[in-house]
Amino acid sequence: MAVHLPVLGGNGHEQGFAKTARTDGWWVGPAVTFVVFTTFVVYTTWAALQGDHYFSAPYLSPFYSPTLFTDDVNVHSWFGNIPEWMPHWIPGWSSPAIYILIFPGAFRFTCYYYRKAYYRSFAGSPPGCAVGPLASKRTYRGETALLLFQNLHRFALYFALLFVVFLGKDAFESFQLDGKLGVGVGSIILTINVVLIAGYTFGCHSLRHLLGGRKDCMSNCGKDSVALGSWRQASWFNARHMQFAWASLVWVMVTDLYVRLCAMGKIHDWNTW
């Protein structure tokens, strides 16, 4: 009896997009990534362009923190009102979010983990291990040509670390209203948000390399050195980078939505004030 074997390419994959000998549900991961990531991009873009309903005392949406410019008299900004010289032709130019979201956005978009996720889900390059890529004859050149900007990730890290401080300040201030200490559902939501974002940021591959990757032998630092301890802590977060990446991605949307609904009067914040 004749046995028909699959035609394999030079990389060991069957020829053709999504061709594979795998029998498991390899497509589930890329499909979920596509849905969640698309939802995040659409919602974040919409929320950033609104320029309204981002503050409900004492809660500030993470999409608008820190607020550099604003015409809202109820919100403290670093530099006062939005200046007249700002380009009015840009959609949402009056929204405080467009002046700061580029930094956390760049950090996530160039993230080593997210690259793998959206390369597979959106570019099919490849859609899964041992699965035929979308363009099987294309020569992959990594981050040396079209995707050269991905190397900016190490610089975006520095801004991401600053945003952990900014969001931590917002979470701390969410437990105070008119000089009175208290706690509300929003306080808890904002605190969870900064914890998840911090966990995602502290697990960054670039941060782990910055703390210890440049050293030839970490043992030379001493068994109880600060450098070795910091590298081990970063390694703990790095091992859970995927979980923190998705949890923080979803939760930052939840946080903005909660603050937005409170500001619009659609829901009431349960609190002790």
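Reading guide: rules and limits
- Residues numbered from 1 in each chain as written.
- Predicted model: local features only at pLDDT ≥ 70, side-chain atom pairs only at ≥ 80, totals over all residues.
- Heavy atoms only, no water.
- Helix = DSSP H or I, 4+ residues; strand = E, 2+ residues; numbered from the N terminus.
- Expected span 1.5 Å × (residues − 1).
- Buried < 20%, exposed > 50% of the residue type's maximum accessible area, 1.4 Å probe, protein only.
- 1 Å grid on protein atoms, 1.4 Å probe; cavity = no way out; pocket = protein on both sides within 12 Å on 5 of 7 lines; lining within 4 Å.
- Points joined across faces, edges and corners; volume = space filled by probe spheres on them.
- Phe/Tyr/Trp six-rings, centres within 6.5 Å; stacked < 30°, edge-to-face > 60°.

Enquirer: Explain helix α7 (residues 226-238) to me, please; I cannot follow it from the model alone.
Expert: At 3.6 residues per turn, the α-helix brings residues three or four places apart onto the same side. Relative to the 18 Å expected for 13 residues at 1.5 Å per residue, α7 spans 18 Å between its end C-alpha atoms, a close match to the ideal helical length. Buried residues of α7: L228, A234, S235, F237 and N238, and no others.

Enquirer: Any chance you could explain the layout of surface pockets here in plain terms?
Expert: Over the atoms, a rolling probe the size of a water molecule traces out where space has been left empty. Its volume calculated, the largest pocket comes out at about 670 Å³. For the largest pocket, the lining is made up of 29 residues, of which F40, T44, L101, P104 and G105 are closest to its centre. Within the residue set of the lining of the largest pocket, elements represented by two or more residues are α1 (28-50), α2 (102-109), α4 (153-173) and α5 (185-202). In terms of residues, the lining of the largest pocket owes the most to one element, α2, which gives eight residues.

Enquirer: When you look at the packing of aromatic side chains in this model, what are you seeing that I'm missing?
Expert: How two aromatic rings sit relative to each other is given by the distance of their centres and the angle of their planes. Under the criterion given, the structure shown has 21 aromatic pairs. Arranged with centres 5.6 Å apart and planes meeting at 50°, the rings of F37 and Y114 form a pair that is tilted. A residue pair is termed long-range when its members are at least 10 positions apart, and F37 in helix α1 and Y114 in helix α3 (residues 112-123) qualify at 77 residues. Residue F37 shares its accessibility class with Y114, and that shared class is buried. Judged by centre distance (6.3 Å) and plane angle (90°), the rings of Y113 and W246 are edge-to-face. Separated by 133 residues along the polypeptide, Y113 in helix α3 and W246 in helix α8 (residues 241-263) bring together distant segments of the chain. Using a relative accessible area of 12% as the deciding quantity, one classes Y113 as buried. What makes W246 buried here is its relative accessible area of 17%.

Enquirer: Could you clarify how one ought to interpret the environment of Q243 in this entry?
Expert: For Q243, the location among the structural elements is in helix α8. A sequence separation of 43 residues divides Q243 from Y200, and the C-alpha atoms of the two residues are 8.2 Å apart.

Shape descriptors only; they carry no functional weight alone.
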